[in-house]
Amino acid sequence: MNKSFKSFPSPDLLCGRPDRESSYYPHFMLLIFCIIFVSGMLRVILKNYEPAILTILSLLGLGIGLLGREFKQMQLLIHPLITTNNYIFLNTFIPIMIFMAALEMDFYILKHMFWQILITGAISIVVAFFLIGYIVIKFNQYKWDIQSSLLFSITLGIADPLQSVNPLKNTGVSKILIDIIRGESLISCGFSIVILGSFRNFGKWNLPLKGEYLGLSGIVAVIVLGILLDSLSFRPGIDVTISKFLVMLSFSCQSFIFTFIGIVIGCEDIRQLDFHSFIFTILLFITVNVTRIITILLVSPMLLHSCCEFSWKWGIVMLWSSIKGSFNLILSPDIPNLHEEKVPLPQMYPIFVLAVSILSMIINSYMMIHTSMTLDLCAISLPRQMSMQNAILHIQEVLDNAIILSKTENILTNIIWSTVEDKTKIECPTVMLGDFPLENLDLPPTDEVLMEEARLHVTIIQMSSFETQYKEGSLSESAARVLIGASKSFGTVQGKFMSIYDVSSYVKTRSWLMNLKKLLVFLTFNKDKIHFLPSGKSKFRCFIYDIVFSDEFQYTGYIVTLLYIYPMTIHLWPALRDFYVIGLIIVNYYYILLSIIEATLKIIIMKNKYFHHSWNHLEFYIIIFGLIDIIFIHLIRQKPRDIVLIQCSVILGYLRIIRFFRIFKMMLPLLIYLTEEQIKKHLSLMYCITKGYIQSQEDTKLLIKQISTRESIFQKLYEILDMNMNDAVKELGLLEHECREVVIALKTKQAIRNVLGKALKNLRFLWSRGIIDKTEGSKMNKLFLAKIKSLNNFPMTIPPPTPEKFLHNIVWLENKDVLIEFFKEKAQLACFDYGEVICKEGDMPQGIYLIISGMSSLNGSLLHFGIHPKLREKANLSKTYTEYITSGDIIGELSCLLKREMGYTATCETTLQACFISLEDLYESLDVFWSFLEEKMWLNVALNIANQYIKAGIMGEELTYQKYLEENNVYMENLSIYSELSIYDNTMQYVLIVFGSVNNVATEEPYFAPSLIPPTCFQIQGTSDINKLLIVRKEDDSLQNECLEKECFDSRKPTNVTRNLASQSPLLKKSTMLGLKSFSKKPSL
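Residues numbered from 1 in each chain as written. Predicted model: local features only at pLDDT ≥ 70, side-chain atom pairs only at ≥ 80, totals over all residues. Heavy atoms only, no water.

- In the annotation of an unreviewed UniProt entry, the protein chain is listed under the name Solute carrier family 9 member C2 (putative) and assigned to Sarcophilus harrisii.
- UniProt lists a comment for the protein chain under the heading Subcellular location (unreviewed entry), and it reads "Membrane". (UniProt positions renumbered as here; feature names shortened; annotations may be inferred.)

Encoded structure:
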């Protein structure tokens, strides 16, 4: 280390001043802590206004430097700074600030506009190099030579990537504009560091770091690392902490740089500053902005052509974005050090750079904000304002509902509710659109404008859903990255809603992997012994047969080929070939002889079928070329001066390389295995991507009412999302049919991950409440985390279960051995081809079909949910019904319960296998196992409907709803026509109408299935023939109701068969838990 520092120069400026004072005490650490404390206090007082903070710190450093010239105690304080080489500070601060700037960039914006940003940065540094260099050479009076002037122009011409975008961060300006400015600044900084590094390494100094000549590899590595890192790169919750730490660290670096430069300037002789210095500083500042104007004029046509959002307004904002800062200051002390001779007045370089940096930070920052606001780049668009108001109204509605529910609690009766309502009321702010408030606009926006704004909201909601799924563990990191990347890529396309086919094209097709596997399988040597089995009469052929089809025979050929590598290497090396001519010829004879023997033995057994295999063709060609090669070698001995023979012999010598192609045959099984693994990984990725996409569509459907309240926009959005989700469900079913083993493994792995995640969550809850000791909780936490980590080695494929085991997947059988054995005797295996119709709409049901493998589409003309025909017009039901179902789903369950016609036509989208239970056998089971089996079937149908259609009605309380379902706080209630029922007493949390329709007795307001009955309704009356209510009990009453049910159940004194059922776990619990997973609209989810 010390030896390397001896090669550093010792200039008289910063980082290399001659050591005139010695300091043996850590005074410099006191200076470091003082700078951190002062910068922190200034940040609090000035409210993060960095131009003023950094200016004050530079003035503080200037004062410390001036005191250091006069007092020895201050010299001891700043002594380490003055005697440290600037190269150390350069390599300490630059990587941190570059990494921070790159970390804030959006990878997908950079990927989309990489060449435009690169060209803009290159043009910026070239224009600054010539224009600022010319001004410095022409007007400075400090006797700077051309090299110093040009290096100064490069240092002053770059824009600070941190300060250039700081003014626009919280103004609402487009992220694309911010990233263009930041990316251009990073490019210009990279070019400048490379140029200065080239002078440092190839100029006067000869540093020991010979490997990194230009410093380019380190810069590129830091930038690439910062760009590739995002929120998915860190554990959930850690990304926020890391971001705050990096922001604090980068600001500390800037504070140190400005303070250190101020100290160095104060330590130098500044008496040379005069009026000319002031004029020259103003001239430099004007030149910097003129340089920026020229750069924007040159690149504007390119940006207009490549970026649809770029406009002249963006160009004006970019005119003021050339803000100087820490990057310029940290490079400025190196300018005189890069010169071979001593430069007069070297302190003027950092003085002018500091002055221009302060001017640009104050003036350019203000102008960027002012022009952005003046040009309405910060104004929120009208559709976005309407969306914000919709969200505010929705929040106010949630607050009002919470107040209404709280009023019913006895413990809160003495509260002054008028004060609560007044304090919780949210006023809709008057958001300005340019100069016109939203309330005063007479012309509402068109549907096209609102639809485009809604599309952007949908994209944001989908990306948020992908991140949430990843943090919850239901989506892998690779799948989340692909989905987020595709969303950002297609989100910039106007009017484009991302479909699952767009995502598939974004990931690229897997056809080349399948074709590669087919090629490898085709090349595999088929050792089918039966076709070549000789008759028992010929002992010689039997002996040859045993030899040819033995593993030893195959591996002997491989060993001979591998041994031939050494003589082949000598043959291709001219310097050695002349010494071993005779040996190489003899080895060639032996190799051809062994090849002929091998081919002869195979021909004896295989006869004319020998040439039916591609590898035998290769062996035959090797023999032919080898014999021709031997003939040409013999002819050359007869005519050694024949040029044609010599050239042919040389070509044939190089063709001996084809003899090593046989090694590829030995590697075929391994290559096939690796290809299959890659195919499985790709299929797993596509399945996870499709599943995550479907979940994002569901999450978006819950929020489309908050996106836009206009009915036409809402309807269009719903249709688009529904169509995209149906396409994704269909694609998911096809993937499941194509790779059943992979999908089963993924589902099993995800189920294990969900169970472990819930257990870990419950453990942490008990730990936080003190129920579990800290030591025990820590051990159990490590145990669960180790189990979750072990899932990384989970097998990629699991064989599918047999058809008999699929009966265990019927939820209402509850995995009871008695019920399963009963249906196992009655069930039949049904097989259907692609396009075959399983059942038709309007036909009476023949039974239920439990799908074992394959996919079916359900298409119906009307999904009426049991609503009375006279009331269906008021219910606004969908005219068509389409759904895709796959393995584990049941067809015809509801029609069998109702004994009514099928409401849809089931058509096979692939070849399909199903377990068929006839209607007679189903009703026989209902008679044998009482009516509770029918209740279980109805409960699962109700849960299916509730999770498909009513979840949006409880938006904001999904976790509570899910919690009640998991805790078995749910039951069914039947209500006949004209009958009345009291609801929402102290035991009911939610009341959902899942089949039929009811009226509010007090207001006559109708509620049609499927919907959530609001808590303000306390008495309902049935208006359809069959009305089914799904009631979710409150948590406090669940245990009491379970005890009452158990008492009633025991009072019936069941038979031996039913007593076995009663002895098992609660009937509703498993039905509820599995009903959410196996009977959702997307069963594979």
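1. Things to note about the overall build of the protein chain
Stage number 1. Check the secondary structure of the protein chain and you find 43 helices and 18 strands.
Stage number 2. For the protein chain, the proportion of its 1085 residues judged to be buried stands at 47%.
Stage number 3. In the protein chain, the proportion of contacts linking residues at least 24 apart, taken out of those at least 6 apart, comes to 80%.
Stage number 4. For the protein chain, the computed accessible surface area is about 55,200 Å², with 62% contributed by carbon and sulfur atoms. (Helix = DSSP H or I, 4+ residues; strand = E, 2+ residues; numbered from the N terminus. Buried < 20%, exposed > 50% of the residue type's maximum accessible area, 1.4 Å probe, protein only. Contact = heavy atoms within 4.5 Å. Areas by Shrake-Rupley, 256 points an atom, 1.4 Å probe, with all protein chains shown as cover.)

2. With respect to the packing of aromatic side chains
Describing an aromatic ring pair means giving the distance of the ring centres and the angle of the ring planes.
Stage number 1. Under the definition given, this model contains 24 aromatic pairs.
Stage number 2. Plain terms: the ring middles of Phe114 and Trp115 are 5.2 Å apart, the flat faces sit at 75 degrees to each other, and that makes the pair edge-to-face.
Stage number 3. With a relative accessible area of 59%, Trp115 lands in the exposed category.
Stage number 4. With a centroid separation of 5.1 Å and an interplanar angle of 45 degrees, the aromatic rings of Tyr545 and Phe549 are classed as tilted. Each member of the pair Tyr545 and Phe549 is classed as buried.
Stage number 5. Members of the aromatic cluster, joined through ring pairs, are Trp144, Phe152, Phe280, Tyr349 and Phe352.
Stage number 6. Positioned over the ring face of Tyr923 is Lys899, at 4.5 Å from the centre of the ring. (Phe/Tyr/Trp six-rings, centres within 6.5 Å; stacked < 30°, edge-to-face > 60°. Lys NZ or Arg CZ within 6 Å of the ring centre and 35° of its normal.)

3. Looking at a nonpolar patch on the surface
Stage number 1. On the surface, Phe275, Phe278, Ile279, Ile282, Ile286, Val290, Ile294 and Leu298 cluster together to form a nonpolar patch covering roughly 720 Å² of accessible area.
Stage number 2. Mapped onto the secondary structure, Ile282 falls in helix 12 (residues 275–306).
Stage number 3. Given the relative accessible area of 31%, Ile282 is considered partly exposed. (Patch = residues over 30% accessible without salt bridge, like charges linked within 9 Å, V, L, I, M, F, W, Y side chains within 5 Å. Salt bridge = Lys/Arg side-chain N within 4 Å of Asp/Glu carboxyl O.)

4. Observations regarding the pairing of strand 18 (residues 1026–1033)
Stage number 1. Buried residues dominate strand 18, accounting for seven of its eight residues.
Stage number 2. Bridge count between strand 11 (residues 970–976) and strand 18: seven bridges; the pairing is antiparallel. Each residue of the ladder has a partner; that of Val970, found in strand 18, is Val1032.
Stage number 3. When strand 13 (residues 988–995) meets strand 18, the two strands line up antiparallel, connected through six bridges. Looking across to strand 18, one finds that Val991 is bridged to Ile1031. (Pairing = 2+ DSSP bridges.)

5. A few points about the side chain of Thr287
Stage number 1. Tracing the backbone shows Thr287 in helix 12.
Stage number 2. Relative accessible area serves as the criterion here: at 6%, Thr287 is assigned to the buried category.
Stage number 3. Once residues lying within four places of it in the same chain are set aside, the contact partners of Thr287 are Leu131, Ile132 and Ile135.

6. Side note on the nonpolar core
Stage number 1. Counting 102 residues, the largest nonpolar core has Phe93, Phe152 and Phe260 as its most contacted members.
Stage number 2. The element that contributes the greatest number of residues to this core is helix 11 (residues 238–267), accounting for 12 residues.
Stage number 3. When near neighbours in sequence (up to four residues on either side) are disregarded, Phe260 contacts Phe28, Ile32, Ile35, Leu81, Phe89 and Phe93.
Stage number 4. If you look at the next biggest cluster of nonpolar residues, it comprises 56 residues, including Val970, Leu992, Ala1009 and Ile1020. (Core = buried A, V, L, I, M, F, W, Y, C linked by side-chain atoms within 4.5 Å.)

7. Side note on helix 30 (residues 662–701)
Stage number 1. Between its first and last C-alpha, helix 30 extends 58 Å over 40 residues, near the 58 Å set by a 1.5 Å rise per residue.
Stage number 2. If you look at helix 30, its biggest bend is around 50 degrees, right at Leu668, and the proline Pro669 turns up within four residues after that. (Expected span 1.5 Å × (residues − 1). Bend = angle between axes of the 7 residues up to and from the residue.)

8. A closer look at unusual backbone geometry
Stage number 1. Cis peptide bonds are those with omega within 30 degrees of zero, and the linkage from Ala1009 to Pro1010 qualifies with -5 degrees.
Stage number 2. With respect to the secondary-structure elements, Pro1010 resides in the loop between strand 15 (1006–1008) and strand 16 (1011–1013).
Stage number 3. Phi at Lys899 takes a positive value of approximately 55 degrees, unusual for a residue other than glycine.
Stage number 4. Counting through the fold element by element, Lys899 comes out in the loop between helix 37 (893–898) and strand 9 (905–908).
Stage number 5. Accessibility expressed as a relative area gives 54% for Lys899, which makes it exposed.

9. Description of the pattern of salt bridges
Note on pairing: side chains with opposite charge can pair once their charged atoms come close.
Stage number 1. Taken as a whole and assessed by the stated rule, the structure comprises 18 salt bridges.
Stage number 2. Between Lys169 and Glu104 there is a salt bridge; the shortest N-O distance is 3.2 Å. One end of the pair, Lys169, is in the loop between helix 8 (146–157) and helix 9 (175–202); the other, Glu104, is in the loop between helix 5 (86–103) and helix 6 (107–112), and 65 residues separate them in sequence.
Stage number 3. Sharing partners across several salt bridges, the network here consists of Glu104, Lys169, Lys175, Asp179 and Arg182.

10. Examining the pairing of strand 13
Stage number 1. Among the eight residues that make up strand 13, seven are buried, leaving the element largely enclosed by the rest of the structure.
Stage number 2. The sheet contact formed by strand 13 and strand 16 spans three bridges and is antiparallel. Its bridge partner lying in strand 16, Ile993 is registered against Ser1011.

11. So, the sheet that holds strand 15
Stage number 1. Reading across the sheet, the four strands line up as 12-17-14-15 and stay open at both edges, with antiparallel pairing between neighbours. The open sheet terminates on both sides in strands that have one partner only, identified here as strand 12 (980–982) and strand 15. Within this sheet the neighbouring strands show an average axis-to-axis angle of 30 degrees, counted without direction.
Stage number 2. Relative to strand 15, strand 14 (residues 997–1000) runs antiparallel, the two being bridged by three bridges. The residue of strand 15 that forms the bridge with Ser997 is Phe1008. (Axes fitted to C-alpha atoms, helices over the stretch in contact; angles between N-to-C directions.)

12. Notes on the packing of helix 11 against helix 16 (residues 348–374)
Stage number 1. Contact geometry for helix 11 and helix 16: axes closest at 10 Å, N-to-C directions at 140 degrees. Between helix 11 and helix 16, the crossing angle belongs to the class labelled oblique. By crossing handedness, the relation of helix 11 to helix 16 is classed as left-handed. Contacts from Phe258, Ile261 and Ile265 in helix 11 reach Pro350, Ile351, Leu354 and Met361 in helix 16. (Parallel < 35°, antiparallel > 145°, perpendicular 65-115°, else oblique. Left-handed = near helix turned anticlockwise from the far one by under 90°.)

13. A word on the environment of Val560
Stage number 1. Its location among the elements puts Val560 in helix 24 (residues 551–563).
Stage number 2. C-alpha separation for the pair Val560 and Tyr591, spaced 31 residues apart in sequence, amounts to 7.8 Å.
Stage number 3. Those residues in contact with Val560, other than ones at most four positions away along the chain, are Tyr591 and Leu594.

14. Brief notes about the environment of Asn289
Stage number 1. Structurally, Asn289 is set in helix 12.
Stage number 2. By relative accessible area, Asn289 is classed as buried at 10%.
Stage number 3. Sequence separation between Asn289 and Trp320 is 31 residues; the distance between their C-alpha atoms is 7.2 Å.
Stage number 4. If sequence neighbours within four positions are ignored, Asn289 has contacts with Leu319, Trp320 and Asn364.

15. A short note on the confidence of the model for the protein chain
Stage number 1. Looking at the protein chain as a whole, its pLDDT mean stands at 78, while 84% of the residues score no less than 70.
Stage number 2. Contacts from residues 1–24, a stretch scored under 50 in pLDDT, to residues over four places away or in other chains number 57 contacts. (pLDDT = per-residue confidence, 0-100.)

16. Section: the environment of Leu162
Stage number 1. Residue placement: Leu162 occurs in the loop between helix 8 and helix 9.
Stage number 2. In this structure Leu162 comes out as buried when scored by relative accessible area, which is 7%.
Stage number 3. Spatially, the C-alpha atom of Leu162 lies 5.9 Å from that of Ala101, the residues being 61 residues apart in sequence.
Stage number 4. Look past the residues within four positions of Leu162 in its chain and what remains in contact with it is Met97, Met100, Ala101, Ser250 and Gln254.

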